Amino acid sequence: MKVYFGLEEFKNRKNIVATIGTFDGVHIGHKKLLQNLVKHSKKCDGESLLLTFYPHPRMVLFPDNNDLKLLNSQEEKIELLDKVGIDHLIIHPFTREFSRLTSTEFVRDILVNSIGIQKLVIGYDHHFGRNREGSYHSLSELAELYNFELNEVSAEEIDDINISSTKIRSALQEGNIETANEYLSYNYQISGDIIKGDQLGRTIGFPTANIRVNEHFKLIPKNGVYAVNVQLKQGPLFGMLNIGTRPTVNNSNETTIEVHIFDFEENIYGQHMRIEFVKRIRDEKKFSNKEELAAQLELDKSKCLTIAR
């Protein structure tokens, strides 16, 4: 998959079959639409293309009233889309000026003149252009005017159980990791740099790596304890993670993310860690003392080790 950070990097070519959207999460519904896109491109001996945007449009249009959290960082989205098998990915900067394009201007200037589409594949509920004025009906008229084919993917084809990025965000915020992972068709993940904490974990036999997630917009699941897969330069590992305020040892309201990796003792400060959420074990609790906390962590570890990775 070739990646372009802006329309100006992409050179107009023949037989382009395209789709448009933010595709946050690259979930099951997204993948079905993209697989449909790839199928159409192969039928006409063409090349498949996704036009997406960064930052997320809501972050630009509502900067002062926006609590949107995203399922993917840009790096994660690129990796997930590459696995689907599309040929070209254009990540175009979304600005207020860009948002003012009418649906006609968007089709004429972007899809036809800049990209040179032969066919456009869209989901059944797709809207685009200024104030989301464009719809399948207007696209039908524009397709005839600008001489490209239009294919609408039905709800039945891409969304049998009404999956959406919004539903996945809600599941994660409720701690329902297994539902989120089912809708995504992969384990939800976060990544960040390993920073020094207060090192209290090692005093009770459970040393932890503190993770600083660099993307402020990345959705962090509900506070609690989770079984997780961990990816470091040393390779794939398994452990348990706590998201919360550490009420037993800390009076702060600051939320931390700490990972205890099973059977691992290397110094990993400064490394970058990727974490996959496998299952939620329990809520975060306050214990009377560190001994009670250590005993609970032993139980948590035992439970994690019974879980398929």
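To start, this report covers the structure provided alongside it.

Conventions and cut-offs
Residues numbered from 1 in each chain as written. Predicted model: local features only at pLDDT ≥ 70, side-chain atom pairs only at ≥ 80, totals over all residues. Heavy atoms only, no water. 1 Å grid on protein atoms, 1.4 Å probe; cavity = no way out; pocket = protein on both sides within 12 Å on 5 of 7 lines; lining within 4 Å. Points joined across faces, edges and corners; volume = space filled by probe spheres on them. Helix = DSSP H or I, 4+ residues; strand = E, 2+ residues; numbered from the N terminus. Nonpolar A, V, L, I, M, F, W, Y, C, P; charged D, E, K, R; others polar. Salt bridge = Lys/Arg side-chain N within 4 Å of Asp/Glu carboxyl O. Buried < 20%, exposed > 50% of the residue type's maximum accessible area, 1.4 Å probe, protein only. Pairing = 2+ DSSP bridges. Axes fitted to C-alpha atoms, helices over the stretch in contact; angles between N-to-C directions. Contact = heavy atoms within 4.5 Å. Parallel < 35°, antiparallel > 145°, perpendicular 65-115°, else oblique. Left-handed = near helix turned anticlockwise from the far one by under 90°.

### Notes on empty space enclosed by the protein
Okay, step 1: Scanning the model with the defined rule gives three cavities of 30 Å³ or more in all.
Okay, step 2: Put simply, the largest cavity is a space of about 390 Å³.
Okay, step 3: Forming the boundary of the largest cavity are 25 residues, of which Asn242, Arg246, Glu258, Leu293 and Leu297 lie nearest the centre.
Okay, step 4: Residue assignment for the lining of the largest cavity shows that the elements contributing at least two residues are β10 (235-244), β11 (256-261) and α10 (290-304).
Okay, step 5: Of the residues forming the lining of the largest cavity, the biggest block, four residues, is contributed by α10.
Okay, step 6: By volume, the second largest cavity is sized at about 130 Å³.
Okay, step 7: Lining the second largest cavity are 13 residues, and of these Phe53, Tyr54, Leu70, Asn72 and Lys77 lie nearest its centre.
Okay, step 8: If you list the elements that add at least two residues to the lining of the second largest cavity, you get β3 (47-54) and α3 (74-84).
Okay, step 9: In terms of residues, the lining of the second largest cavity owes the most to one element, β3, which gives three residues.
Okay, step 10: Looking at the lining of the second largest cavity residue by residue, the class counts come to five nonpolar, six polar and two charged.

### So, the pattern of salt bridges
Okay, step 1: Counting across every chain of the model gives 11 salt bridges.
Okay, step 2: Here Glu47 and Arg13 are joined by a salt bridge, their closest N and O atoms 3.8 Å apart. Here the residue Glu47 occupies a position in strand β3, and Arg13 occupies one in the loop between β1 (2-4) and β2 (16-20), the gap between them amounting to 34 residues.
Okay, step 3: Its relative accessible area of 27% is what places Glu47 among the partly exposed residues.
Okay, step 4: For Arg13, a relative accessible area of 25% translates into the label partly exposed.
Okay, step 5: The salt bridge involving Arg282 is made with Asp300; its shortest N-O contact spans 2.8 Å.

### Observations concerning the sheet that holds β1
Okay, step 1: Pairing is parallel across the open sheet formed by six strands, whose spatial order is β1-β4-β3-β2-β5-β6. Both edges of this open sheet fall to β1 and β6 (149-153), since each of them pairs with a single strand only. With strand direction ignored, the average angle separating the axes of adjacent strands in the sheet is 25°.
Okay, step 2: As judged from the three bridges shared by β1 and strand β4 (residues 88-93), these two strands associate in the parallel manner. Of the residues in β4, the one forming a bridge with Val3 is Leu89.
Okay, step 3: With respect to the sheet, α3 is in contact with β1, β3 and β4, its orientation differing from that of β4 by roughly 155°.

### Observations concerning the packing of helix α5 (residues 103-115) against helix α6 (residues 136-146)
Okay, step 1: Contact geometry of α5 with α6 gives a least axis separation of 11 Å together with a crossing angle of 45°. In terms of their interaxial angle, α5 and α6 are classed as oblique. In the packing of α5 onto α6, the handedness of the crossing is right-handed. Residue-level inspection shows Ser103, Thr104, Val107, Arg108 and Val112 of α5 in contact with α6, the latter providing Leu139, Leu142 and Tyr146.

### So, the environment of Asp198
Okay, step 1: Looking at where Asp198 falls in the secondary structure, it is placed in the loop between β7 (189-195) and β8 (209-212).
Okay, step 2: In the structure, Asp198 is positioned 113 residues away from Gly85 in sequence and 44 Å away in space, judged by C-alpha atoms.

Don't take any of this as a statement about function, it's just geometry.
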